[in-house]
Amino acid sequence: VEVLATTQSISQGGTLVSTGRSLDLAISGGGFFITRSTSGETQYTRAGVFGSDRSNYIVNAAGQRLQGYPVDAAGNLVVGTVSDLKLNSSNLPAKATDSLQFIANLDANQGVPTVAFTPANVDSFNSTYTTKIYDSQGKEHTLTQYFVKTADNVWDAHYYVDGSAVLDGAGNPVTQALTFNPNGSLAAPIGTVDLSFTLPGVDPMNVAVNYGGTSQYGSDFVVTTNLPTGYSAGEQTGLSVEKDGRIYANYSNGQRMLQGQVVLASFVNAGGLNNVSGTAWTETAESGQALIGVPGVGSFGELTAGALENSNVDLTEQLVGLMEGQRNYQANTKVLSTEKELTQVLFSAI
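Since this is a predicted model, take the numbers as computed values, not measurements. (Residues numbered from 1 in each chain as written. Predicted model: local features only at pLDDT ≥ 70, side-chain atom pairs only at ≥ 80, totals over all residues. Heavy atoms only, no water.)

Draft legend 1. Structural detail: the overall build of the protein chain. Helix and strand counts for the protein chain come out as one helix and 28 strands. By the compact-globule yardstick of 20 Å for 350 residues, the protein chain is too spread out, its C-alpha radius of gyration being 34 Å. Burial status across the protein chain gives 36% buried among its 350 residues. Long-range contacts, defined here as pairs at least 24 residues apart, represent 58% of the contacts in the protein chain between residues at least 6 apart. Accessible surface for the protein chain amounts to roughly 19300 Å². Of this, 51% is attributable to carbon and sulfur atoms. Between the centroid of the 16 positive side chains of the protein chain and the centroid of its 30 negative side chains there is a distance of 9 Å. (Helix = DSSP H or I, 4+ residues; strand = E, 2+ residues; numbered from the N terminus. Rg over C-alpha atoms; globule rule 2.2 N^0.38 Å. Buried < 20%, exposed > 50% of the residue type's maximum accessible area, 1.4 Å probe, protein only. Contact = heavy atoms within 4.5 Å. Areas by Shrake-Rupley, 256 points an atom, 1.4 Å probe, with all protein chains shown as cover. Lys, Arg positive; Asp, Glu negative; His and termini not counted. Charge placed at Lys NZ, Arg CZ, Asp CG, Glu CD.)

Draft legend 2. Looking closely at the nonpolar core. Judged by nonpolar contacts, the single largest core of 26 residues is most densely connected at Tyr159, Phe197 and Tyr211. Of all elements in the fold, only strand 9 (99-107), strand 11 (140-151), strand 12 (154-161), strand 14 (175-180), strand 16 (192-197) and strand 17 (205-210) reach the threshold of two or more residues within this core. One finds Phe33, Leu92, Ile247 and Val262 within the second-largest nonpolar core, a separate group that totals 20 residues. (Core = buried A, V, L, I, M, F, W, Y, C linked by side-chain atoms within 4.5 Å.)

Draft legend 3. A look at unusual backbone geometry. With an omega dihedral of 10°, the bond running from alanine 188 to proline 189 counts as a cis peptide bond. At asparagine 56, a residue that is not glycine, the phi angle is positive and equals roughly 70°. Along the polypeptide, asparagine 56 turns up in the loop between strand 5 (51-52) and strand 6 (58-59). Despite not being glycine, aspartate 162 shows a phi value in the positive range, around 50°. Positionally, aspartate 162 belongs in the loop between strand 12 and strand 13 (164-165).

Draft legend 4. Expanded view of the pairing of strand 22 (residues 256-262). In terms of burial, strand 22 is a largely internal element, five of the seven residues being buried. Alignment of strand 7 (residues 65-69) against strand 22, held across two bridges, turns out to be antiparallel. Note that in strand 22 the partner of tyrosine 69 across the bridge is glutamine 261. Judged from the five bridges that link them, strand 21 (residues 246-251) and strand 22 form a sheet pairing that is antiparallel. (Pairing = 2+ DSSP bridges.)

Draft legend 5. Structural view of the environment of valine 223. You can see valine 223 is positioned in strand 19 (residues 222-228). Along the chain, valine 223 and phenylalanine 102 lie 121 residues apart, while their C-alpha atoms are 7.6 Å from each other. Excluding residues that lie within four positions of it along the chain, valine 223 makes contacts with Phe102, Ile103, Ala104 and Tyr129.

Draft legend 6. Geometry of the packing of aromatic side chains. Applying the stated rule across the entire model yields 13 aromatic pairs. Aromatic side chains phenylalanine 33 and phenylalanine 50 sit 5.3 Å apart centroid to centroid with 80° between the ring planes, which places their arrangement in the edge-to-face category. With a gap of 17 residues between them, phenylalanine 33 in strand 3 (residues 32-36) and phenylalanine 50 in the loop between strand 4 (42-45) and strand 5 connect regions that are remote in the sequence. Given a relative accessible area of 0%, phenylalanine 33 falls into the buried group. Ring geometry for phenylalanine 125 against tyrosine 146: centres 5.0 Å apart, planes inclined by 65°, an arrangement best described as edge-to-face. Taken together, the positions of phenylalanine 125 in the loop between strand 9 and strand 10 (127-134) and tyrosine 146 in strand 11 put the pair 21 residues apart, joining distant regions of the chain. For phenylalanine 125, a relative accessible area of 11% puts it in the buried group. (Phe/Tyr/Trp six-rings, centres within 6.5 Å; stacked < 30°, edge-to-face > 60°.)

Draft legend 7. Up close: the environment of alanine 307. Tracing the sequence through the fold places alanine 307 in strand 28 (residues 307-309). When its relative accessible area of 6% is taken as the criterion, alanine 307 is described as buried. Each residue touching alanine 307, except ones within four places of it in the same chain, is listed here: Val17, Ser18, Thr19, Asp24, Leu25 and Ala26.

Draft legend 8. Geometry of the side chain of lysine 149. Mapped onto the fold, lysine 149 is located in strand 11. There is no salt bridge for the buried lysine 149, and the closest opposite charge comes from aspartate 152, which lies 4.4 Å off by N-O distance. Engagement of the side chain of lysine 149 in a polar contact is seen with the backbone oxygen of alanine 108, the distance being 3.1 Å. A distance of 2.8 Å separates a polar atom in the side chain of lysine 149 from the backbone oxygen of glutamine 110. (Salt bridge = Lys/Arg side-chain N within 4 Å of Asp/Glu carboxyl O. Polar contact = N/O pair within 3.5 Å; in protein donor to acceptor, adjacent residues only side chain to side chain.)

Right, dumping it as structure tokens:
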């Protein structure tokens, strides 16, 4: 008995099993992970058991580094440059609020207040809304907007931070006029309203308020978008990997920072790859050059984080085949044994 030949079956995916580890990755569909050793050798694998080394590179059990698109110093993805993926283990520093996207509907049915505006008198304004903002040290403050109707299709917005009016360069309270078209859409201001103010012990604050999309219809005052930038300092609490391969670090302040994006490789003839271990292959002339892409696009499968791909070999089917082969072998040996006995009987008869 001898083995006639061996064949690779790497085009058929295996079932996925959950592990709960954030850097365990499984490919649902086509493609291979790309790993590179410290000597520069590139290998391709579907074994997604990854972790981080002492230098915070994402590596497999053999110490080979996972390849993907890195991020620059500003956290932007550098698409087109495939390199070692490295995690940022530092905490997230505080960021001051510098912009506010604010979209609301001001009630066109409301009338003009008959008394001069003052925050202490609710009859002097029509609507108000408070937004949480952060200074350069990550401390929380409140930015309150008071909306006062002054005429048909014309409103004034007054700004207060921590209960104090925001002042202009001349020391007067900042007031911004909001004007609307007859159809209820915003006519002015076009662009942003820049608010500048100082707070004790921190850098000066500059917040650009964008009212784009704000309307004036005959319905209740409602805020549909209130998106300020800025946040307090945060400690890293874990990692998450999206289906498209983007890796994020999660922080205790609710923020997350992009760490890079895993890329996959595919081949015109995957069966032509050279097997170097049970789960890794190298490129050959027969397989063709690797085609690089991101998970979930084209022929590349999506990533599933916290899971691993089982072997694509059906053990039950193989065991049944083994038992059938064993029975066939036993039957063949019985035939040989019977033939031997018949030969002996024949010789004895002669």
